[in-house]
Amino acid sequence: MQITITVNGTTHTRDVEPRTLLVDFLRDHLGLTGTNIGCDTSQCGACTIHMDSQSVKSCTVLAVQADGADLTTIEGLANGSLHPMQQAFWDNHGLQCGYCTPGMIMSATKLVEGNPGISEAEIRHGLEGNICRCTGYQNIVKAVQQAAGEMGGD
Amino acid sequence: MSKYMGKAVKRVEDPRFIQGRGKYVANLKLANMGHAAIKRSPFAHAKINGVDASAAKALDGVIAVYTGQDLQAAGVGSLPCGFNPPGIVTAPHMPLAVDKVRHVGDGVAVVIANDIYTAYDALDLIEVDYEPLPAVVDAKKATAADAPQVHDEIPNNTSFHWPLGESDTVMGAMNESDHVVELDFINQRLIPNAMEPRACVAEWNAFTEEMTVWTSSQNPHLIRLLMSMATLGIPENRLRVISPDVGGGFGSKIFHYPEEVIVPWCSKQLGQPVKWVSTRSEAFVTDAHGRDHVTTAKLGVNNDGTFTALHVQTWANMGAYLSTFAPMIPTALYITLFSGLYKIPHIFGESWGTMTNTVPVDAYRGAGRPEASYLLERLIDIAARDLNMDPIELRRKNFIQPDEFPYQTPVAMVYDSGDYDQLFDKAMEVSGYNEMIEERDRARQEGRLVGIGVSGCIEASGAGPSKVVTSLGAGVGLWEHGLVRVHPTGKISVLTGTHAHGQGHETTFAQLVADELGVPMDDIEIVHGDTSKTPFGLGTYASRSAAVGGTAIMKSCEKIREKMKAIAAYQLEAAVEDMVYDQENGTIHVQGSPDRSKTFVDISVAALMGHIPDDMEPSLEEATFFDPPNFTFPNSAHIAMVEVDKESGEISLLKYAAVDDVGNVINPMIVEGQLQGGIVQGVGQALLEHGIYDEDGQLLTGTFLDYAMPRADDVPMSALGRIEIPSPSNPLGVKGAGEMGTIAGTPTVANAVMDALHPLGVRHVDIPHTAAAIHGAIQSASVSAD
Amino acid sequence: MIPGEFDYHSPQTLAEAISLLVEHGDEAKILAGGQSLIPAMRFRLALPGTLIDINRIDGLSYLREENGHLLIGAMTRESALEESDIVQSKYHLLADAAAVIADPLVRNLATVGGNIAHSDPANDHPAVMLAYGATVMAAGPNGTRRIAIDDFFTDLFENSLEENEILTEIRIPTPAAGTGGAYLKLERKVGDYAISAAAVQLTMSGGTCTAARIGLTNVSPVPMRAKNAEQALVGQTLTDDVIEAAGQAAAAECDPSQDLRGSVAYKRDLTRVMVKRTIRKAMERAN
């Protein structure tokens, strides 16, 4: 069936099987391979994107569910220059192999939006849906704290 | 005065990762690509009486289906074992099972289709006629006379027996000791679970008759060698293996896997590129697992706390097939570390590698050294209690002293350098050890179960001296290659045979070269991961990249400097001996006459133009194959505090402090990142992770839901400290930081939990210390107390 | 892995959705948040021939108080419970549960209705709704009906909804004065199912418990109330002994199975511990 989805500001109309997962639609149909697949039980969060301004795991959404939706993937986060969260991950060595990073950044961005005073505990709780095997999370938390401060309150 | 070495330079890799431009194999799209999916056995052990792929082949969109028989008939070879200790008995490992499957997940057939969804649909249509057989899963029980035989070629499921040390004197010494600590315990099976599942793409180019394989590997050259020599027989010079960005490995991406044989073979067969990407569920039953030792150990101690003897027997689970380096893990990387940080006069260890109907086991972060450290640190912890000594004091009594290095241990290894007292002094300071003790004691007064755990660990890294490893049974030496190429315009390409998969070599090696040659970091590119671009190398694992790979690069830089001095001398009409290479500015001048100088680019252009001495070859390119004279020996002192909930058994990790000696450090930010990540994996083994098989060989922990790994709020911020005692094993003085955190994390936290339970009289609980396990221990203790 | 093939419908109205259910019978499954269904479909444990996506039906997502009840539209996302002032300030038992369901990302899509309709004793809402004495509203071809929560869960993954009915709303009685509730869950790690969890709603008068409802998570094949434990509390002053007795009663009357999370014995004892802790927390909030 035909679906129309806006991704990173561009609207795409495509024909898909209903069973097409949103993450596969993004990666294979639209060629947006920045969003990674890390598991198959909706645990790891590597596939996190923004759908209608909320962080969601794109492996657990059907592309047809996103018909008419407005999506942002990691490729669309920077706006000419790096998003403060991207910059913060770079500044704080918040990534090693980089595989969980797009999902982690997308998740963290929504977590701290409008919450400059977010505590360390809240950050750790808020990132429970994103697994990292490399960093041990310490520098990720530091990165998120830095970005939270810079993103300010809205 | 170095500009870059020792500095926390931000990583040059990061821009692509933070913007979603990582080049993982799964992202690769080639024209006319077929998509492969593999039919895997749901049984742990079964005969294959037939494979009916007719319905699958008939499905619209399916290009082909091949079975183990097809590959075997075509002459595809068995996956080799690359480490063969004396007396080892091996068995074939076909990329697709031919007449038997030997573990859940063993591949039986491959489907190639126009798209991956069709391939998955086709899998369901393949019918395999299995005749289930009894299975065996336990490493020790596999050796019983009546245990099911995994391979006819390997009697009693015992592939090898590896003894080291003095079997004749150790028990005498043990019996003369004042006290003997005996412990039977396990080091549980772990599943590495790098976040990127494995992937492989292959393209046979019929025009050039060359095969290109993209595979998520830690060592593409090794894969090319094995594909050429053993499995596919493609000439090495017509085979290109590329590992682009690799999303974590932890050892699991070292090995030559079946899919790296199947996918290229299919590509050649079909005349089109083929892609395979593992699902996570698939990864659980195909990626090499780690650890899985069953051990009986004895430590002899005298009343004054001196260690006298150590005797260890370990049954090491190899799984259903011998993975590429599997026999090395419980032998040359394990028993040889049984001295720990300590002087132990008599040591004997022996291990048996046994076959079971489980996923093959091989190196996982630390590979043999975590098992050795856990063993020692648990025994010593129990000894401390038995002797009523402070655990740190007991360890100090036995430390190898700084002036005793190089220290020949009784188990082959010669330790390079260290100061373990200083290490522990700092750990006590960083952790606030004395305050922690007070806090714990106060909590105990209130009836709370609070515990402090300590560990002192060491490992052999910077693998390694080729003659040593090959004499032990390795099929390859462990030297490394580094080539420094100065382009005519003065830009630099560094070709290394190591391959980062998160360790930041593109940054650290550039820091190294920038300081060696006095050029901006931006002018340097680090090239790795492509066998056509870089000469042979051995890859990244065993904390070897800086120690061995970095040294090779450093030595090539030395050669570059020497050549540049000679060219400058020629140009300035001075004597070579009078030339000074200014490493800070990247210029060369005559000693005492700084105005008589040449810039870096002056010389790189001169080399291009041939404005060089008559007896010199043009261009500026130098290579070094560095074979280290010895391993390096990073070491650590970690301290943790936990609280155990008496009623539920739940454990809270309250504090964690780590002090490590990883020798000299190129980039402290990256080193700390390695230590921190490693510690969390170590904590994972202590508290959460366990690859569990039931008696029928079904993997019960086969998804991220069932296999528990640490998340952001499972671990507190660790306090990290370092001491830097350079290693004499390489001119950089680095020891390697990739594995130390994992090695130390497990015994530190396990000992803390045991300390918390000590007032209840609990002596040992096998890890992982889940709430259920600890609850059970508390219950048993109160029953026996009554 | 990926789901088997299916037909997909995205009705705009409840009536349309119901008629699709009638048409396709047991071949059809409702897609709400999808956070349980889609993973099941990916492993082909669920193979519906028809998927009815109810996300586009207006008016199924709301949180409002009316006539002494909190009305929760079936499509209300778990994260909405976390963000709702009413829930956070007046419905503590519900707020506690919302914070520990799966993980924050899943909670952005997972729905309250879906959680309950899935009827998995390992999910958190069933025990919560049992403790609240909630009422389920179901819409079918013959109109709407109410189902008391005590009559709702019938078997593992089964409930008393007819094949052609959709759960549209759940109603929680607004706690009266002197009532407090809490939900405490022990999991091996975040995002896991509970090893054991307890949902407790208590009404206190002076130091005496006048009403108690206790729901248990993941310690029985069907979501259950710990009725013996409740009876051990009602009419009593809640001393340590009384609370311990309630814990023991809950441990005895639950029916856990052995799995990766623990043995039967462990789960029973943990249930005792969790029920006690939750009772104490509910008591605090009742005052």
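None of these values were measured; they are calculated from a predicted model. (Residues numbered from 1 in each chain as written. Chains lettered and ligands numbered in written order. Predicted model: local features only at pLDDT ≥ 70, side-chain atom pairs only at ≥ 80, totals over all residues.)

Side note on the overall build of chain B
Alright, step 1. In terms of regular secondary structure, chain B is built from 19 helices and 28 strands.
Alright, step 2. Its C-alpha radius of gyration of 27 Å places chain B within 12% of the 28 Å reference for a compact globule of 786 residues.
Alright, step 3. Each of the 786 residues in chain B was classed as buried or not, and the buried ones make up 61%.
Alright, step 4. In chain B, the proportion of contacts linking residues at least 24 apart, taken out of those at least 6 apart, comes to 80%. (Helix = DSSP H or I, 4+ residues; strand = E, 2+ residues; numbered from the N terminus. Rg over C-alpha atoms; globule rule 2.2 N^0.38 Å. Buried ≥ 20, exposed ≤ 12 C-beta atoms within 10 Å, placed from the backbone. Contact = placed C-beta atoms within 7 Å.)

A short note on the overall build of chain A
Alright, step 1. In terms of helices and strands, chain A carries five helices and five strands.
Alright, step 2. Taken over the C-alpha trace, chain A has a radius of gyration of 15 Å; the compact-globule value for 154 residues is 15 Å, and the two agree within 12%.
Alright, step 3. Counting all 154 residues of chain A, 66% fall into the buried class.

Comments concerning the domain arrangement of chain A
All names here are of chain A.
Alright, step 1. The assigned domain composition of chain A is domain 1 (2–76) and domain 2 (84–151).
Alright, step 2. Distance between the C-alpha centres of domain 1 and domain 2: 21 Å.
Alright, step 3. Taken together, the contact pairs 15 residues of domain 1 with 11 residues of domain 2.
Alright, step 4. Taken together, the elements giving at least two residues each to the side of domain 1 that touches domain 2 come down to strand 3 (48–51) and strand 4 (54–57).
Alright, step 5. A per-element tally of the side of domain 1 that touches domain 2 places strand 3 first, with three residues.
Alright, step 6. Across the side of domain 1 that touches domain 2, the residue classes tally to five nonpolar, 10 polar and no charged. (Domains from an automatic or database assignment. Nonpolar A, V, L, I, M, F, W, Y, C, P; charged D, E, K, R; others polar.)

Overview of unusual backbone geometry
All names here are of chain B.
Alright, step 1. In this structure, the amide linkage connecting Ala 463 to the following residue, Gly 464, adopts the cis form with an omega of -25°.
Alright, step 2. Going from Ile 767 to Pro 768, the amide bond is cis rather than trans, its omega being 5°.
Alright, step 3. Summarising the element assignment, Pro 768 is placed in the loop between helix 18 (740–757) and helix 19 (771–785).
Alright, step 4. Unlike most non-glycine residues, Asn 157 shows phi in positive territory, near 55°.
Alright, step 5. Mapped onto the fold, Asn 157 is located in the loop between strand 6 (127–132) and strand 7 (158–165).
Alright, step 6. Of note, the phi angle at Phe 250 is positive, near 55°, even though the residue is not glycine.
Alright, step 7. Along the chain, Phe 250 falls in the loop between strand 11 (239–242) and helix 7 (259–270).

With respect to the interface of chain A and chain C
Alright, step 1. On the side of chain C, 23 residues touch chain A, which itself brings 24 residues to the contact.
Alright, step 2. When residues of the side of chain A that touches chain C are assigned to their parent elements, the largest contribution, four residues, is made by strand 4 of chain A.

So, the packing of helix 2 (residues 84–91) of chain A against helix 3 (residues 101–112) of chain A
Residue and element names in this part refer to chain A.
Alright, step 1. As a packed pair, helix 2 and helix 3 sit with axes 9 Å apart at the nearest point and diverge in direction by 125°. It follows that helix 2 is oblique to helix 3 by the angle criterion. In the crossing of helix 2 with helix 3, the sense of the turn from one axis to the other is right-handed. Here Met 85, Gln 86 and Phe 89 of helix 2 come into contact with helix 3, specifically with Thr 101, Ile 105, Ala 108 and Thr 109.
Alright, step 2. When the residues that make up the contact of helix 2 with helix 3 are grouped by side-chain class, the tally is four nonpolar, three polar and no charged. (Axes fitted to C-alpha atoms, helices over the stretch in contact; angles between N-to-C directions. Parallel < 35°, antiparallel > 145°, perpendicular 65-115°, else oblique. Left-handed = near helix turned anticlockwise from the far one by under 90°.)

Focus on the pairing of strand 9 (residues 199–205) of chain B
All names here are of chain B.
Alright, step 1. Within strand 9, six of the seven residues are buried, which leaves the element mostly enclosed by the surrounding structure.
Alright, step 2. Where strand 9 lies against strand 12 (residues 274–277), four bridges are found, and the strand directions are antiparallel. The residue of strand 12 that forms the bridge with Cys 200 is Trp 276.
Alright, step 3. When strand 9 meets strand 10 (residues 210–215), the two strands line up antiparallel, connected through six bridges. Bridging from a neighbouring strand, Cys 200 pairs with Thr 215 of strand 10.
Alright, step 4. Linkage of strand 9 to strand 10, two consecutive antiparallel strands, is achieved through a turn of four residues, within which Glu 209 is found at a positive phi near 55°. (Pairing = 2+ DSSP bridges.)

Thoughts on the sheet that holds strand 14 (residues 224–225) of chain C
Residues and elements named next belong to chain C.
Alright, step 1. The four strands lie next to each other as 11-12-13-14, forming an open sheet whose pairing is antiparallel. Whereas interior strands pair on both sides, the edge strands pair on one side only; in this sheet they are strand 11 (179–187) and strand 14.
Alright, step 2. Two strands pair when backbone bridges link them, and strand 12 (residues 194–205) and strand 13 (residues 208–217) are joined in this way by nine bridges, in the antiparallel orientation. Residue Ala 198 lies in a different strand from strand 13, and its bridge partner there is Leu 216.
Alright, step 3. Sheet strands touched by helix 11 (residues 264–286): strand 11, strand 12 and strand 13. Its angle to strand 12, the strand with the most contacts, is close to 35°.

A few points about the domain arrangement of chain B
Residues and elements named next belong to chain B.
Alright, step 1. One can read the domain layout of chain B as domain 1 (14–133 + 195–248 + 253–284), domain 2 (366–461 + 631–773) and domain 3 (479–626).
Alright, step 2. The centre of domain 2, based on its C-alpha atoms, is set 40 Å off from the matching centre of domain 3.
Alright, step 3. Its residues assigned to classes, the side of domain 2 that touches domain 3 comprises eight nonpolar, eight polar and two charged.

Overview of the pairing of strand 1 (residues 2–7) of chain A
The side chains of a regular strand alternate between both faces of the sheet.
Residues and elements named next belong to chain A.
Alright, step 1. Burial of strand 1 is one-sided: the residues Ile 3, Ile 5 and Val 7 facing one way are buried, the residues Gln 2, Thr 4 and Thr 6 facing the other way are not.
Alright, step 2. The pairing of strand 1 with strand 2 (residues 10–15) spans six bridges and is antiparallel. Paired with Ile 5 across the strands is His 12, a residue of strand 2.
Alright, step 3. Following strand 1, the chain reverses through two residues before pairing antiparallel with strand 2; Asn 8 in that reversal takes a positive phi of roughly 50°.
Alright, step 4. Looking at chain direction, strand 1 and strand 5 (residues 70–72) are connected through two bridges and run parallel. The residue bridging Thr 6 from the neighbouring strand is Asp 70, located in strand 5.

Digging into the interface of chain A and chain B
It is common to report an interface's size as the accessible area lost on association of the parts.
Alright, step 1. With 41 residues of chain A in contact, the opposing surface of chain B contributes 41 residues.
Alright, step 2. Elements that contribute at least two residues to the side of chain A that touches chain B include exactly helix 2, helix 3, helix 4 (120–126) and helix 5 (138–151) of chain A.
Alright, step 3. Ranked by the residues each element gives to the side of chain A that touches chain B, the list is headed by helix 2 of chain A, at four residues.
Alright, step 4. Residue composition of the side of chain A that touches chain B, grouped by class: 18 nonpolar, 17 polar and six charged.

A word on the sheet that holds strand 19 (residues 480–486) of chain B
Residue and element names in this part refer to chain B.
Alright, step 1. Across the sheet, which stays open at both edges, the four strands sit in the order 21-20-19-25 with mixed pairing between neighbours. One side of each edge strand has no neighbouring strand; the edge strands of this open sheet are strand 21 (524–527) and strand 25 (620–626). Averaged over all pairs of adjacent strands, the angle between strand axes in this sheet comes to 15°, irrespective of strand direction.
Alright, step 2. Of the strand pairs in this sheet, strand 20 (residues 492–496) and strand 21 are connected by four bridges, and their pairing is parallel. Looking at strand 21, one finds that Val 494 is bridged to Ile 526.
Alright, step 3. Packed onto the sheet, helix 15 (residues 545–572) meets strand 19, strand 20 and strand 25 and runs at close to 145° relative to strand 25.

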